[in-house]
Every structure is written in C-alpha cells, then in structure tokens.
Amino acid sequence: MDGILQVLQHFLDIKFVLLVFAGALAGLFVGAIPGLSVTMATALLLSLTYSWQAGDALAAIMGVYVVGVFSGAISAILIRIPGAPSSLVTMLDGSPMAQKGRARQAISYAAWYSFFGTLFGMLALWLLAKPMSGLALSFQAMDYVLLSLFGLSMVGGLSGKSIKKGLVSVCLGLILSMVGMDSVYGTPRLTFGIEALNGGIGIVPALIGLFGFSEILFSLSGENSETKSVHSGEKAKISEIIRHFPRSVYYGIIGILVGALPGAGAPIASFLAYGSAKRLVKSPKIPFGEGTAEGIVASETANNACIGGALIPMLFLAVPGDAVTAVLLSVFRIHNLNPGPSFLKLHASAFSLIIAAGLLASVFLLLFGLFLAPKMARVLRVPKRILLPLVAILSLLGAFSASSRMFDVFIMLCFGFMGFVMRKHDYPLAPMILALVLGGLMDANFRRALQLAMASEHFLHALFIRPITLVLLVFLIFSIVRNVKSGRQQAK
Amino acid sequence: MNGENEKNSRIKCKKAGGALLFLALSLVLAGYSFFSHISGIYKQWALSPYLFPLLASLCLFGLSLSMLFEKAQSKKKTAPFLSKRFVYVSLCSVSYALCLPLFGFVFASTLYLFFMMRSLGEKRWLFAIAFSLLCSFVLYIVFAKLFYISLPVSELDVLQKLADRLI
C-alpha cells in the first residue's frame, strides 16, 4: 500500500509531470525520425542533466525512452522506414495497412498496444523484479544461442511464399553479421582488407537501406512507378482495438522475459511475439504481412513491454538489458544511486519514481499516439514526387547519423540495391535483418558455450542438461517441426 | 506450344541463376573460412572466428543446392525490372553520396532534392528550388544544431563559409 501511495504522489508533482511530458514529446519526434535513436536521445539528455537532481533527470529520460520506443512505429507505418530495429515487425503489417488507406487505424493500434505493453512491463518491474532478475542471471551462453535460434526459427512466419527463400535470407544475414572484428580474438573477418568494415555492418544503415531506400527504388521500378498519394483513413474503433487485448497479455510476457535478458533486446521480442501471433491466430481476416492488426498488436506490445523487462536486470543486478538502460545506468552512477540487489531497500523513492515516470509516460504515449501521431499520417497525402525525395534524403541522413561515417551511407545504398533485387525475386527481407541482429550474439555465445563444454568431462551434458536449456531446446524443436510441416504444405 | 516451352525454360534458367549465385557464394565463403582458419593461430575449430561463417556458408550451400533442383513452378510474368526513373534516381543517390564531402550537406542535399523532385515529375521550378533549400536547412538545423550530429562539411572553403553565413 505504501508503495502504491509513493508512486501516486509523484503524479501530483507538477514539475515531475512537466519533465515527463517534455521527455515524451522529445521521444515522439526522435523515435519517428529515421536515424535518430532513443539511445542517442537519452545519451544527449544525459549530458544536459548532469547538474539536475536525479529525480528530474530520470523523469525526463523515462519520457524519452517510453515514447521513443513507440514512435519508431510511426515512420515504419507511414513511410516504411522503421525508426528502430524493433519497429521493423510493426512495419510488416503497418505499412500494408497504410497503403490500403488505413494508416490512422494502424497508428491507433500501435499507440494502444504500446501503451498496454509499457503498462505490462512496468507492472512486472514493480511486482516481479526480484524473481525475474534471478531468472535472467541464470541464462548461460548456450541458452542465448538457443534463444537466438528460436528467434530465427520464426523465419517461417516472415518468409511469405517460400520458406527456402526465407532461409537463404537468414544465411545471408548471418554471413553479413560476421563481417568485422571477431569478439573473441579481435581478428578482422570477411573484411577483405577494407578497414572501415572492421567495426562491422551497422544495423541502422542496413535496416534503412533494406526497407527505406529499397522501397523508393521499388516504387520507381516497373509497374509500381505510379506517384499517387494515399489517404490516411479513419481511426480504429475502440471495440476493435480491445478485441486483441487478451492475446496482448501473452505478447507482453514475451516482451518482459526477453527484455530482462541482457543483450537480447526489443527486436528479438517483437519477432518472437509476431511468430507467436501467427500461431495463435490461425485464420486472420487479412493474412499476416498484408495488413492485419494482430501483427502490429504483437510487435508493439512486446517491444514496449521490453522497457520494464530491461529495467529489471539494470536496477537489481546493475546489468543493463539494452543500450538505453546502459545510459540510464550511468545516470544512476552520476547521481550516486547504486543499482544492485539491495536497490529497493536503499533507494525505494528512486524506484517508485521510475515506476511513476514509466506509467505517466505511457499515458502521454497514448495521448500523443491518438491525437498527435494521426496528424503525421497526413504525410501520406503528400504527392510522391515530393515525399520520395524526402524519404530518400532521410534514409541517407539516417544512415550517416548512426555513426557519423560516410561509409555507412554507402553501406545503406548497397543494402538498398540488394533489398530491391531481393524483393524483385520474392526473397523476404525481414529474416535477413533478424539474422543480422542475432548473428553476433549467436557467434560469441556459441563459441563460449563450446569452450566451456570442452573443458568439462561430459560435453553434451555441459551443453544441454540444464532446466532452462532443455525448455528452450524443446521450444526450438517444436518450432522447427512446425516450420518443416508448413514448408511441406507449401510445396504441395 | 514451342514458344511456351521456351518461356518456361527461360524462367527456370532465371531461377537457377539465383541458386547458382548463392551456391558460388557459399563455396567461396566456405573456402575462405576454411583456409583462414588453417592459416591462423587457432588450434581448435570451437574457438575459431571462422567456425560460424563456415557453418552459415554450409547452410547456404545446402539451401542453394535444394533450390537448384527444385522445379520452377511459377509461370507468371514479372514486372519490367528497371525503368528510366529508377536508373536516374539510383545515379542521383550514388552521386549525392559521392558529392557530400565536396559540397557539404546543405548544398549537396539541395541539389539532390531538386533533381529528385524534377525527375519524379515536379514541374514547378521555383517550388522545387524553394522546397529543396528549405528542407536542407531544416534538416541541417534539426540534426546538426539540435542533436549535435556532425554533418558533412564542404571541402571547398567558399561553400562552407556561405552555408555557415546562411544558417
């Protein structure tokens, strides 16, 4: 009861509310502009808040974090450039919805379920933080490999007409994720003497190239070269939106669990949730990938639920769950708040402030999503002769600003042309990005797991015989069997 | 009848072309990974940085082989691959990336936006010029001034000074 009152009292503090509002507004624009990431915004805010009190800094940063994760969906839906990798899955159904004149509906779904996702995450942080952090800590190298493989096994759901083509796309993504300095020996791999490749291929330039720039090329090639604008349509009805709520709890749990795993992050959560949605909803009115609302619901609930999940290991183990929580960790350190197992005892007021800021930011998210973001949908009415050059320049600028390198602009262009050719030949692009995100994590953990197992007397026992590993293995096998079955059905 | 057979075999060749490309890529990568491992200091495959690329290329090899043997079933006509606009926009974009360091962000972007708009059918010259200039400046202010992202500056002193003055 005391805890609830502590959280509620923050809502009466005008300064606190205004700071969360300012952060949320900044998050809305930063997340929606391709190339500007939430991590970048929180890092910038960190430099501004050195001299602030800890509570003020945390309030503003939580505002940016919560709304920034949602607003990546706006550009994904409207101009087919995901503001962040986690919004990619939203784009798979959001963009077709927008193209069919239902952009405002797509944004409404994204706003409502980002709101619910944030609420689930914050509630988990509030109520389940301790057992969850223990679970996250018990994940070992092989578990990360299996979790990544499980993520990749979702490729069946992202492959469209041919699973084989989806798998080719995965292989290409995995190979491309190996480019750069190896994380164990520090050896440059697959760089072919090009020094700029030592740092690897950035996810942001690849993402922008594959989806943003290739879309421009695609809309200018062949029979799709018409330059008409599209209407943004009507908002979704509340009754339609609420219909998806029961399943969103499940997607939220996926988001929280994946978010709590250090290094896993929102993109994996949204891919896993999307795969689960395809299993749960067997015969949707509109197929997945062609503009079904369930795809947006799954992705947005999971990626926003990740926020609460990622905060759990950060607050209770001092291990950041993703890049933004790593920045948040430094805010804590600057202000002498030391996260760790006794955080709740020592800094109960800071904990309640984070929960309050997260909850309040989720309310602003909903308000912005329902009243401000639909205004952005007017962008679809802009004639394509004006919109496409703008998207092109945003793509180029987004690729550059990811790490201020001209090289990344060329990487983006290469991925753009590659994405165009792949789309023309019906190779799905989403599996490639999924593999690009997961490749590094899989490689490092696979070798670490092998190394540990080889040092043990019983190789297989050391690799697989642990409860979490076995559960993940069963999930993985189940998922592969399902994919093989659906592959056979497709072949027939 | 003969014409249809010819068409089908052409489609099959196209499909096989893709599979052959992936097959070649996988073989090259597998060879690269294998020889890089052998010539490196790594004693065991388990620790080798080339283990994962080798595994991925073997998977690609298997997939491309299976695609190669798969019969082409689709007989639908594909849309024309390239259009004039496509080629023009591609060239414009590559030139823009190449010219950025020379002209700097503001001027290169203005030119790029202008040419793109014209190529996509914008007939109003004045509007195209004004819109290109406005967008470049707004983007420069948002990215460089608001978010402190260092955008490319012109190697030509005159242009850079002019851009600084204008902003």
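It should be noted that the structure appears before, not after, this text.
Here we summarise the structure given alongside this text. Because the structure is predicted, anything quoted here is derived from the model rather than measured.

1. What about the layout of surface pockets?
All names here are of chain A.
Then, in step 1: Of the volumes computed, that of the second largest pocket is approximately 1100 Å³.
Then, in step 2: Taken together, 47 residues make up the lining of the second largest pocket; nearest its centre are P85, I203, P267, A323 and V437.
Then, in step 3: A total of 5 residues in the lining of the second largest pocket trace back to one element, the largest contributor, which is helix 10 (residues 203–220).
Then, in step 4: The class makeup of the residues in the lining of the second largest pocket is 29 nonpolar, 17 polar and 1 charged.

2. A few points about a positive patch on the surface
All names here are of chain A.
Then, in step 1: A contiguous patch of positive charge on the surface is contributed by K235, K375, R378 and R381.
Then, in step 2: Mapped onto the fold, K235 is located in the loop between helix 10 and helix 11 (238–242).
Then, in step 3: When its relative accessible area of 32% is taken as the criterion, K235 is described as partly exposed.

3. Some remarks on the environment of S214(A)
All names here are of chain A.
Then, in step 1: Mapped onto the elements, S214 comes out in helix 10.
Then, in step 2: For S214, a relative accessible area of 0% gives the class buried.
Then, in step 3: With 258 residues separating them along the chain, S214 and L472 place their C-alpha atoms 36 Å apart.
Then, in step 4: Leaving out residues up to four positions away in the same chain, S214 has contacts with G209, G416, G419, F420, R423 and L429.
Then, in step 5: A polar contact of 2.4 Å, which involves the side chain of S214, links it to the backbone oxygen of L210.

4. Some details on empty space enclosed by the protein
Residues and elements named next belong to chain B.
Then, in step 1: A full pass over the atoms with the stated rule returns 1 cavity of 30 Å³ or more.
Then, in step 2: A volume near 60 Å³ is recorded for the largest cavity.
Then, in step 3: If you trace the largest cavity, you find 13 residues lining it, with G104, F105, V106, Q160 and A163 closest to the centre.
Then, in step 4: Taken together, the elements giving at least two residues each to the lining of the largest cavity come down to helix 3 (84–119) and helix 5 (157–166).
Then, in step 5: The biggest single contributor to the lining of the largest cavity is helix 3, with 5 residues.
Then, in step 6: In terms of residue class, the lining of the largest cavity is made up of 9 nonpolar, 3 polar and 1 charged.

5. Here's the deal with the packing of aromatic side chains
Note on aromatic pairs: each is described by the distance of the centres and the angle between the planes.
Residue and element names in this part refer to chain A.
Then, in step 1: By the definition in use, this model includes 26 aromatic pairs over all chains.
Then, in step 2: Ring plane angle 85 degrees and centroid distance 5.9 Å describe the contact between F213 and F417, whose orientation is recorded as edge-to-face. Here the residue F213 occupies a position in helix 10, and F417 occupies one in helix 19 (residues 406–424), the gap between them amounting to 204 residues.
Then, in step 3: Each member of the aromatic cluster is reached from another via a ring pair, and the members are W112, Y113, F115, F116, F120 and F245.
Then, in step 4: Its end group placed over the ring of Y427, K165 keeps NZ or CZ at 5.0 Å from the ring centre.

Rules used in this analysis
- Residues numbered from 1 in each chain as written.
- Chains lettered and ligands numbered in written order.
- Predicted model: local features only at pLDDT ≥ 70, side-chain atom pairs only at ≥ 80, totals over all residues.
- Heavy atoms only, no water.
- 1 Å grid on protein atoms, 1.4 Å probe; cavity = no way out; pocket = protein on both sides within 12 Å on 5 of 7 lines; lining within 4 Å.
- Points joined across faces, edges and corners; volume = space filled by probe spheres on them.
- Helix = DSSP H or I, 4+ residues; strand = E, 2+ residues; numbered from the N terminus.
- Nonpolar A, V, L, I, M, F, W, Y, C, P; charged D, E, K, R; others polar.
- Patch = residues over 30% accessible without salt bridge, like charges linked within 9 Å, V, L, I, M, F, W, Y side chains within 5 Å.
- Areas by Shrake-Rupley, 256 points an atom, 1.4 Å probe, with all protein chains shown as cover.
- Salt bridge = Lys/Arg side-chain N within 4 Å of Asp/Glu carboxyl O.
- Lys, Arg positive; Asp, Glu negative; His and termini not counted.
- Charge placed at Lys NZ, Arg CZ, Asp CG, Glu CD.
- Buried < 20%, exposed > 50% of the residue type's maximum accessible area, 1.4 Å probe, protein only.
- Contact = heavy atoms within 4.5 Å.
- Polar contact = N/O pair within 3.5 Å; in protein donor to acceptor, adjacent residues only side chain to side chain.
- Phe/Tyr/Trp six-rings, centres within 6.5 Å; stacked < 30°, edge-to-face > 60°.
- Lys NZ or Arg CZ within 6 Å of the ring centre and 35° of its normal.

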